[in-house]
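Architecture and fold: a report
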Amino acid sequence: MRESVDEFSWIGITMSGRTINNLRYADDIVLIATSQEGLQTLIDKLSTVSHEYGLEINAKKTKVLVASKDATVVQVTCNNRPLEQVQSFRYSSQTHAIVERKSRRA
């Protein structure tokens, strides 16, 4: 599935000079984008390549998590089905959540 999203080097986050837009473990994939449009592009490409291999993304199991200072709501679809936006998710037997950090001034 690497061929499905690795070609989008402008979508994702940059760490140590390398753009990361997906994490893969066994049959799970986490897609990473900095915009709703970028995420939709990654999902659409992953879905297209998956179909070429006879696979289908389960939209009921697919979730969207937004890391933002604001309460941002996104509208992302997979195979014309809206995806649920969540506050946390399980990946590789671990729960991940976005936690609001408040800065303290002395």
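Everything below is about the structure shown above.
Residues numbered from 1 in each chain as written. Predicted model: local features only at pLDDT ≥ 70, side-chain atom pairs only at ≥ 80, totals over all residues. Heavy atoms only, no water.

Right, let's talk about the overall build of the chain for a bit. When you go through the chain residue by residue, the secondary structure sums to two helices and 10 strands. The helix and strand sequence of the chain, counted from the amino end, reads α-β-β-β-β-α-β-β-β-β-β-β. Expressed as a percentage of its 106 residues, the buried residues of the chain come to 26%. The contacts in the chain between residues at least 6 apart in sequence include a share of 39% that link residues at least 24 apart. Summed over its atoms, the accessible surface of the chain is roughly 8300 Å², and 47% of this surface lies on carbon and sulfur atoms. (Helix = DSSP H or I, 4+ residues; strand = E, 2+ residues; numbered from the N terminus. Buried < 20%, exposed > 50% of the residue type's maximum accessible area, 1.4 Å probe, protein only. Contact = heavy atoms within 4.5 Å. Areas by Shrake-Rupley, 256 points an atom, 1.4 Å probe, with all protein chains shown as cover.)

To continue, consider the pattern of salt bridges. Between side chains of opposite charge, a pair can form when the charged atoms approach closely. Throughout the structure, instances matching the rule amount to one salt bridge. The partner of E84 in a salt bridge is K63, and the shortest N-O contact between them spans 2.8 Å. Of the two residues, E84 sits in strand β8 (residues 84-86) while K63 sits in strand β5 (residues 63-65), which places them 21 residues apart along the sequence. Assessed through its relative accessible area of 44%, E84 is described here as partly exposed. Among the residues examined, K63 registers a relative accessible area of 37% and is labelled partly exposed. (Salt bridge = Lys/Arg side-chain N within 4 Å of Asp/Glu carboxyl O.)

What follows concerns the side chain of N21. Here N21 is to be found in the loop between β2 (18-20) and β3 (22-25). Side-chain polar atoms of N21 contact the backbone oxygen of F8, separated by 3.1 Å. Not counting the four nearest positions on each side in its chain, N21 is found in contact with V5, D6, F8, I11, G12, V30, L31, I32 and L42. (Polar contact = N/O pair within 3.5 Å; in protein donor to acceptor, adjacent residues only side chain to side chain.)

Despite not being glycine, A26 shows a phi value in the positive range, around 55°. The topology assignment puts A26 in the loop between β3 and β4 (28-31). Here N80, not a glycine, exhibits a phi torsion of approximately 65°, which is positive. Turning to its location among the elements, N80 is positioned in the loop between β6 (77-78) and β7 (81-82).

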